[in-house]
Amino acid sequence: MDRFNSDTKIFCFILSTRSGGLGINLTGADTVVFYDSDWNPAMDAQAQDRAHRIGQTREVHIYRMVTEHSIEENILTKAKQKRNLDFLVMDEGKFHAASVMNNGEHGAEEDSGDEEGFTTGKLRNIFGIANYGGESNHEEETALSKDQIESTMNMLEDEDDVKAMQSARKEAADELQEFDESIQFKQDGDETDTTDDSIGKQDKVAKKSKQKKKKVVLDQKVIDARQIGGDDKDSTKDDDDEKELEKEFANWQSKVGMDATKINDSLNPLELYGLKIKESVDPYFSPYYFAERKKLEEATNTTIEIDLDEIERMKIEEEQRAFEDGDLLSTFPDPEALPRQRQLYSREKARLRAETIKRKLTGQNWITKIDELSKKPFYFNIDTGEAIWEKPNVLQMLEANEAARSGGWRILPLKLLVSIMECLVPFPDRNQCGATCRRWHEAATDISFVKHVWPVEMGALAMNDKKLGKNHFRTIADAISAAVPGDTIELGDGHYWVQYPGLVVDIPLRIIGDEVDPSHVVVELSGDILWKNCGWMEGVTIRRPRIATGIASKSDILRIESGGRLDLFHCIFDNHGSFGNTVSMIGNNSGGRWKKASISGGDKSKSGLLLDDNAFAEFTDCEIRDNAGV
């Protein structure tokens, strides 16, 4: 409950109508939807009051879902009548403080109308009906009799409950007669004469009982006449009750006559109100009237045209289709024609089977249809009757085949191309494949082919073999030993130790560091780097650690020989503390193209950069400094 009030992502809270009185506070809700109404309106009111608690700052909207022509309409009607009855008892009886506040507004006019008993306006409140015909709310109301009140209350109950109440009342009256001293009963077979006064009193009681019975029967007739839509419960009455009603109605009609004025004068106010509702309200506002009127209009406007020629044509086509499918067989065949017919049948069956297989392989058995409810397309198999939302696999394969034939190798999926490139040597095979098109170049230079080396700062992670992963190594030496021609080795930010005697690179290789600031990637070299093949280096700082100056005092940091060529960009070579050359290029065609390189720390007996034996190098924006030699 607290999560619903505080979290805006939770937009719905399912609650029972029996949740009143449990201390539930739902001030986070601004809408209440009833999908199952209760017979007791007080339960619904208690449930919807969960949103009208202290702390509610928004306007709360109440919605009620009711299914038309179902028991829910009867539940809603009964609940409304009970609320109106509660309003009549509580508000009209002035059992709350609101009437005290309203006394100053209405004054003596309300006091004069607060008489005991039921009035016409109060009965309208019970039924939830406003004043009819533009009558004023301040119209003088007349009190109803006890019989009218009972008949009105009977209208609020079911027919079975009314009969049970009348039976119980009759039994109670019979029991009271046993203690009535004014009535004399026969005892022991002796008949006693009654006095004239007793006879007169019994006649008066019998006449009064007969009038009361007649009034109850007439009121029951008015109740049945006021039922909306002509309820089918009248058909279930006993034959005796129907005959009695017809007899009473005939006696009443013989007394009143057929004159409409006399009939209206003989009716009491309640009967006149029921007649007015039956004539003026029900025919124009009842659901039964609208439903019957709609059915009548549809029946009147609907015209059925029968085309006999079209029916005959469809019959002929259906017979022809059945004959072609083999469902329609002829009788009494010629024995001599049976082998030929068997052969034709086998041939036709094989042809149909071949067409079915052809449609299955070519995807022609799938067609597109539109769903009537969602208006979305779906795929339907005309051979098997299967229906699916997704595109069938055979259609996807055919589209992929067509796209491959039209687009060629360039539309191969990237994942598949990467798997193919993984089987090739990076140089020269993978490089040559990368020149085919843009997609192939993207697959040839995929990041999964790069070999990564962990710096010493991540030693704890590098020691765990399970966390190394594919193409991840602890040292530069391990990565070079596992590399193949054309591979790329990536060095992250940090320090890397290379122990004596150093590194030997005899295959085409690329070493990539930080191209923006090479000082972030530092290689502490104890020996030297011997480069014997072509390659590329970028964004790396190579220097001598102080603890290694005594071990490799006469070693060069980088030696390019045997025709090796190394192209270099934005790198730093620092040989301070060593007695050898910083960079030396020895041999025919040895050298490379260097840009933004820094060479420093050559000994006075050696050189910062040494070119020997026809070595050739091209330098752009480079510097050679702090070298004691030439």
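Refer to the preceding data block for the structure.
Residues numbered from 1 in each chain as written. Predicted model: local features only at pLDDT ≥ 70, side-chain atom pairs only at ≥ 80, totals over all residues. Heavy atoms only, no water.

Below, the discussion takes up the sheet that holds strand S5 (residues 387–388). Taken together, the three strands give an open sheet; going across it, the order is S3-S4-S5, and neighbouring strands pair in antiparallel fashion. Both edges of this open sheet fall to strand S3 (366–370) and S5, since each of them pairs with a single strand only. The pairing of strand S4 (residues 377–381) with S5 spans two bridges and is antiparallel. When the bridges of S5 are listed, phenylalanine 380 appears paired with alanine 387. (Pairing = 2+ DSSP bridges. Helix = DSSP H or I, 4+ residues; strand = E, 2+ residues; numbered from the N terminus.)

We now examine the environment of lysine 82. Here lysine 82 is to be found in helix H3 (residues 71–90). Along the primary structure lysine 82 and proline 41 are separated by 41 residues, whereas in three dimensions their C-alpha atoms are 7.3 Å apart. Other than its neighbours up to four places away in sequence, lysine 82 contacts Trp39 and Pro41. (Contact = heavy atoms within 4.5 Å.)

On to the pattern of salt bridges, then. Following the criterion strictly, the structure yields 17 salt bridges and no others. A salt bridge links arginine 313 to glutamate 317; its shortest N-O distance comes to 2.4 Å. Separated by four residues within a single helix, arginine 313 and glutamate 317 lie in helix H14 (residues 308–325), roughly one turn from each other. Linking glutamate 348 and arginine 351 is a salt bridge whose minimum nitrogen-to-oxygen distance equals 2.2 Å. Here arginine 351 and glutamate 348 lie together in helix H15 (residues 338–362), a separation of three residues that amounts to about one turn. (Salt bridge = Lys/Arg side-chain N within 4 Å of Asp/Glu carboxyl O.)

Turning our eyes to something else, we now look at a negative patch on the surface. A cluster of like negative charges, contributed by Glu305, Asp307, Asp309, Glu312 and Glu319, occupies part of the molecular surface. Along the polypeptide, aspartate 307 turns up in the loop between helix H13 (287–301) and H14. Of the residues examined, aspartate 307 reaches a relative accessible area of 44% and is grouped as partly exposed. (Patch = residues over 30% accessible without salt bridge, like charges linked within 9 Å, V, L, I, M, F, W, Y side chains within 5 Å. Areas by Shrake-Rupley, 256 points an atom, 1.4 Å probe, with all protein chains shown as cover. Lys, Arg positive; Asp, Glu negative; His and termini not counted. Charge placed at Lys NZ, Arg CZ, Asp CG, Glu CD. Buried < 20%, exposed > 50% of the residue type's maximum accessible area, 1.4 Å probe, protein only.)

Here we come to the environment of leucine 424. Topologically, leucine 424 is positioned in the loop between helix H17 (414–422) and helix H18 (426–434). In this structure leucine 424 touches Asp429, Arg430 and Cys433, once residues within four positions along its chain are discounted.

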